[in-house]
Amino acid sequence: MTRRRTSARAELMTVPEVLEELCDISPRTFYRWRQLGTAPACIKLPNGELRISRDAFADWLDSRREEAA
């Protein structure tokens, strides 16, 4: 029997959903970050579309947190 992952941790986000979470940054900026290797880790589906796990997105955001001056 296969166990289905239903937690929020297993949720996959689309690129537009990620852009919206980041206060509507442009797709151009996101794809530039991908070129530079600074975007959150993505999963490339067989149809070429990208998905980002909510876990990877949260970890990516946390890694960019600045300490108070």
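Residues numbered from 1 in each chain as written. Predicted model: local features only at pLDDT ≥ 70, side-chain atom pairs only at ≥ 80, totals over all residues. Heavy atoms only, no water.

Considering unusual backbone geometry
Backbone geometry follows two general trends: most residues other than glycine have a negative phi, and most peptide bonds adopt the trans configuration. Positive phi outside glycine occurs at Cys23, with the angle close to 60°. Examined against the element boundaries, Cys23 turns out to sit in the loop between α1 (15-21) and α2 (27-36). (Helix = DSSP H or I, 4+ residues; strand = E, 2+ residues; numbered from the N terminus.)

Concerning the pattern of salt bridges
Scanning the entire structure with this criterion turns up 4 salt bridges. For the salt bridge of Arg51 with Glu49, the shortest nitrogen-to-oxygen distance reads 2.9 Å. One network of salt bridges, with partners in common, ties together Glu11, Glu21 and Arg54. (Salt bridge = Lys/Arg side-chain N within 4 Å of Asp/Glu carboxyl O.)

Side note on the nonpolar core
Among the nonpolar cores identified, the biggest contains 11 residues, and these are Met13, Val15, Val18, Leu19, Leu22, Phe30, Ala39, Leu50, Ile52, Phe57 and Trp60. Listing elements by their share of this core, those giving two or more residues are α1, β3 (50-53) and α3 (54-63). A per-element tally of this core places α1 first, with 3 residues. Setting aside residues no more than four positions away along its own chain, Ala39 makes contact with Phe30, Trp33, Arg34 and Trp60. (Core = buried A, V, L, I, M, F, W, Y, C linked by side-chain atoms within 4.5 Å. Buried < 20%, exposed > 50% of the residue type's maximum accessible area, 1.4 Å probe, protein only. Contact = heavy atoms within 4.5 Å.)

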